[in-house]
Number of protein chains: 2
Amino acid sequence: MPTVVQKYGGSSVADVEKIRKVAERVAARAADGTRVCVVVSAMGDTTDELLSLAKQVSGAPPRRELDMLLTAGERISMALLSMALQERGVPAISFTGSQSGILTTADHASARVLEVRPFRVEQALAQGKVVIVAGFQGVSRETKEVTTLGRGGSDTTAVALAAALSADCEIYSDVAGVYSADPRVVPEARRLERLGYEEMQELAAAGAKVLNAQAVEFAKEKGIAIHARSTFGGPEETVVGPGASAERIAGVASQADLALVSLPPARMPQALALLERHGAVAAEVHLQRDRALLALSKENVHGFQALADELARELPEARLDAEGLGAVSVVGTGLGGSHRVLREVANALAELKAAPRALVATPLRVTAWCDAAALPVLVRGLHVRLIG
Amino acid sequence: MPTVVQKYGGSSVADVEKIRKVAERVAARAADGTRVCVVVSAMGDTTDELLSLAKQVSGAPPRRELDMLLTAGERISMALLSMALQERGVPAISFTGSQSGILTTADHASARVLEVRPFRVEQALAQGKVVIVAGFQGVSRETKEVTTLGRGGSDTTAVALAAALSADCEIYSDVAGVYSADPRVVPEARRLERLGYEEMQELAAAGAKVLNAQAVEFAKEKGIAIHARSTFGGPEETVVGPGASAERIAGVASQADLALVSLPPARMPQALALLERHGAVAAEVHLQRDRALLALSKENVHGFQALADELARELPEARLDAEGLGAVSVVGTGLGGSHRVLREVANALAELKAAPRALVATPLRVTAWCDAAALPVLVRGLHVRLIG
């Protein structure tokens, strides 16, 4: 009997009405004999609301307690979805990350999945139940503490479970797959029929919200194809798998709320250790002869001010640029081998009167850091010029 | 080093400001060298809000999923209190019911504590940490499922932990102890300096909200004295322990949202089995020659309508009285041995022009079931006539 892991994000289960509709879709899928395991995120803005409570009681909330707090979110949505399914007469049962056997590292707020031991999930599926699993969370293998996988971690939960269950993996969100840019920003954006793992990783790392970067890495490792679809839409999808998209340039993505740390290359080890103490991971590191550049997202750092203060105190030679900073990236497999795309990006930025604060080109991506306020104009301008 | 278990109810941690104040109080207590274990309920109306979500997706929410859902409430408050303490420089750590070793029966929504194995709690206390424990929840000893202890179950968590840790037990709420009646209803109500376990059990069963009846039973079993105090008030308290209060009549309490089932005595076993299938427990059972009376609280029954429907279908000879029904009770150790208090209650009810729908007298209590709308007038009237 075929098994599928479906993941529904926060906006797909934002209220009781939507939870009922998701239950309807899941029930239809289960009715054709498929064994269905559903991974859910917290309802709508629950995670942000909980985070805001934490920030009200603590300047820099301890990450262990933050994980304890935030995991309440998926517990609520999974229980409600299980109830909605049982209300329709579909046998269902919900499991926390820990109960589902999602074993992780002990890095609170940014744990990585080490192993999945889905005994209870398999048992319940074998009993003909739809299994609902709390996304974004697990339990540390050594210390048995509750952990979270960082923003977007529910995608990782879904891929890891699909691999462990030898199942197909479907990720549902507001949009019917992966687009060449955010359709809300670029009306000309088009859906990509298929996309290579590497392109998707670059797009996700560059700010495309459809799929989480760690989830794609996991899928690549395990050879799992991800089907990205719209929760309440039709069968249109993007399949992310081995290979690459048909296009030279897959898409344009952007990201706000970034920080750049620039410092002498010799101080790099101290800087990385300092970031790690604050649970922050540099998304990019670029070394030149006399200057090193660390780029990171402020979003995943709880208590960024504390990090900034410590940086100023311990590494006075570092320069931090974290005010209104964003980045726009052009991603594609056809970018290496010549500087053509880099030149096109530089020309487009000049035409759009944007002076990048930093710029990086790799075989798969060109990224320019610039004023966050200019991002929508830059994304659309680059899309029109480079893709159409 | 002395150890204390303090329990703070939902209204004591209703918002971020109150959580900060509780942290201040706990910190002060820990500063004098006491080892402090804090049991918290869910913030304010969280449990009711979650319950309302459940009722929106399901007519009769399955109790296993309801427990999964509701336990999110204490997870939020315990993590926030731990953060607030650490923000003040006090080492703290939060544990769920399961992590605290609260082992229960598998009766979802009304589990009973079987055993406490507080290894992690003891270890953290020995490390000098304040330990925050999620009240109201545990894990079933056999099936390892998340369970809840029913309304007011956080008191039970506190008493059970105090017994397991050989600690003092302090229960904090809006009022400074146990009063002879609800001071919001009866301005003349007075605080009782001390109260016997049995009196407190009767008062709690009769609707006094200060302490949970199961918690008092547990305390009696283990010989733990409970100190009931005001969260943000002074040192005034009521000590609930062995013995009895100094008064003939300890207090008057009332309860709304009740149901009475009356039926031929021969059908009693079926009726009790039916209640159990719906997770309902009869608070009282009274048998006469030709009629049996079951009294229960609708509050603890999730999906009361389903119970009522099944009762009408399976036991058509049963009569259900569940519309606007309440009860007023007079509690005291001096009630047995004569009918004096019963006569006084009956006279007072007649003066107050209340015709009870049922009436029961035991050595410790006289209870009259009547219109819920009349309860405030009856409580005050009985208090003035019988106590002062």
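Residues numbered from 1 in each chain as written. Chains lettered and ligands numbered in written order. Predicted model: local features only at pLDDT ≥ 70, side-chain atom pairs only at ≥ 80, totals over all residues. Heavy atoms only, no water.

Looking at an unreviewed UniProt entry, chain A carries the name Aspartokinase, with the source organism given as Anaeromyxobacter paludicola. Turning to chain A, the UniProt annotation filed under Catalytic activity (unreviewed entry) states: "L-aspartate + ATP = 4-phospho-L-aspartate + ADP". Its UniProt record gives chain A a comment under Sequence similarities (unreviewed entry), which states: "Belongs to the aspartokinase family." (UniProt positions renumbered as here; feature names shortened; annotations may be inferred.)

A. Main features of the overall build of chain A. Secondary structure assignment for chain A yields 12 helices and 20 strands. Counting over 388 residues, chain A shows a buried share of 57%. Relative to all contacts within chain A whose residues are 6 or more apart in sequence, the contacts with residues 24 or more apart total 75%. Carbon and sulfur atoms make up 50% of the accessible area of chain A, which totals about 15,500 Å². (Helix = DSSP H or I, 4+ residues; strand = E, 2+ residues; numbered from the N terminus. Buried < 20%, exposed > 50% of the residue type's maximum accessible area, 1.4 Å probe, protein only. Contact = heavy atoms within 4.5 Å. Areas by Shrake-Rupley, 256 points an atom, 1.4 Å probe, with all protein chains shown as cover.)

B. Region of interest: the nonpolar core. In this structure, A:Leu85 and B:Leu85 are the most contacted members of the largest nonpolar core, which totals 76 residues. When neighbours within four sequence positions are excluded, A:Leu85 is seen to be in contact with A:Ala23, A:Val26, A:Ala27, A:Val90, A:Ala92, A:Val130 and A:Ile132. In terms of nonpolar packing, the next biggest core, distinct from the first, is built from 46 residues, A:Ala158, A:Val159, A:Tyr197 and A:Met200 among them. (Core = buried A, V, L, I, M, F, W, Y, C linked by side-chain atoms within 4.5 Å.)

C. The UniProt feature "domain: Aspartate/glutamate/uridylate kinase" (unreviewed entry) in chain A, seen in detail. Here the UniProt feature "domain: Aspartate/glutamate/uridylate kinase" (unreviewed entry) sits at residues 3–227 of chain A. End-to-end, the C-alpha atoms of residues 3–227 of chain A are 14 Å apart, and along that stretch the chain is 41% helix and 20% strand.

D. Expanded view of the sheet that holds strand β15 (residues 284–287) of chain B. Residues and elements named next belong to chain B. Taken in spatial order, the 4 strands line up as β15-β16-β14-β17 in an open sheet, and their pairing is antiparallel. Both outer strands of the open sheet, β15 and β17 (319–321), are each paired with one neighbouring strand and no more. Between one strand axis and the next, the sheet turns by 15° as a mean value, whatever way the strands run. Two elements, strand β14 (residues 258–263) and strand β16 (residues 292–297), share 6 bridges in a ladder whose sense is antiparallel. When the bridges of β16 are listed, valine 261 appears paired with leucine 294. Along the sheet, helix α9 (residues 268–277) contacts β14, β15 and β16; its crossing angle with β16, the most-contacted strand, is approximately 10°. Relative to the sheet, helix α10 (residues 304–314) contacts β14, β16 and β17, its axis offset from that of β17 by approximately 155°. (Pairing = 2+ DSSP bridges. Axes fitted to C-alpha atoms, helices over the stretch in contact; angles between N-to-C directions.)

E. Summary view of the domain arrangement of chain A. Residues and elements named next belong to chain A. We note that the domain assignment places domain 1 (3–173) and domain 2 (262–323) within chain A. One C-alpha centre belongs to domain 1, the other to domain 2; they are set 32 Å apart. For the pair domain 1 and domain 2, the summed buried surface comes to about 670 Å²; carbon and sulfur atoms form 57% of the total. Where domain 1 touches domain 2, the interface holds 2 residue pairs in polar contact (both at pLDDT 80 or more). Partitioned by chemical class, the residues of the side of domain 1 that touches domain 2 number 3 nonpolar, 2 polar and 2 charged. (Domains from an automatic or database assignment. Buried area = accessible area lost by both parts, 1.4 Å probe. Polar contact = N/O pair within 3.5 Å; in protein donor to acceptor, adjacent residues only side chain to side chain. Nonpolar A, V, L, I, M, F, W, Y, C, P; charged D, E, K, R; others polar.)

F. Expanded view of the interface of chain B and chain A. Taken together, the 41 residues of chain B in the interface contact 41 residues of chain A. When chain B packs against chain A, the two sides together hide about 3,200 Å² of surface, and 62% of this comes from carbon and sulfur. Of all residues in chain B, B:Val57, B:Arg75 and B:Met83 bury the most surface against chain A, accounting for 23% of the area lost on that side. Linking chain B with chain A are 2 salt bridges, by the criterion used here. With its nearest N and O atoms 3.0 Å apart, the salt bridge here joins B:Glu145 to A:Arg120. (Salt bridge = Lys/Arg side-chain N within 4 Å of Asp/Glu carboxyl O.)

G. Spotlight on the relation of the copies chain B and chain A. Each copy superposes on the other: chain B lies on chain A with an RMSD of 0.1 Å after a rotation of 180° and an axial shift of 0.0 Å. The superposition operator between the copies reduces to a two-fold rotation axis. When each C-alpha of chain B is compared by its distance to the rotation axis, B:Ala72 comes out closest, at 2.4 Å. When the interface residues of chain B are mapped onto chain A, 100% of them are again interface residues, pointing to one common binding face. (Least-squares fit on C-alpha atoms with pLDDT ≥ 70 in both.)

H. Region of interest: helix α5 (residues 119–126) of chain A. All names here are of chain A. All buried positions along α5 are accounted for by Val121, Ala124 and Leu125. With its buried residues spanning 100° around the axis, α5 presents them on a single face. Those residues of α5 that are exposed and aimed more than 90 degrees away from the buried face are Phe119, Gln123 and Ala126. Packing partners of the buried residues in α5 comprise β1 (3–8), β2 (35–40), β3 (92–95), β6 (130–134) and α6 (153–165). The positive-phi residue at the C-terminal boundary of α5 is glycine 128, with phi of around 85°. (Arc of directions from axis to C-beta.)

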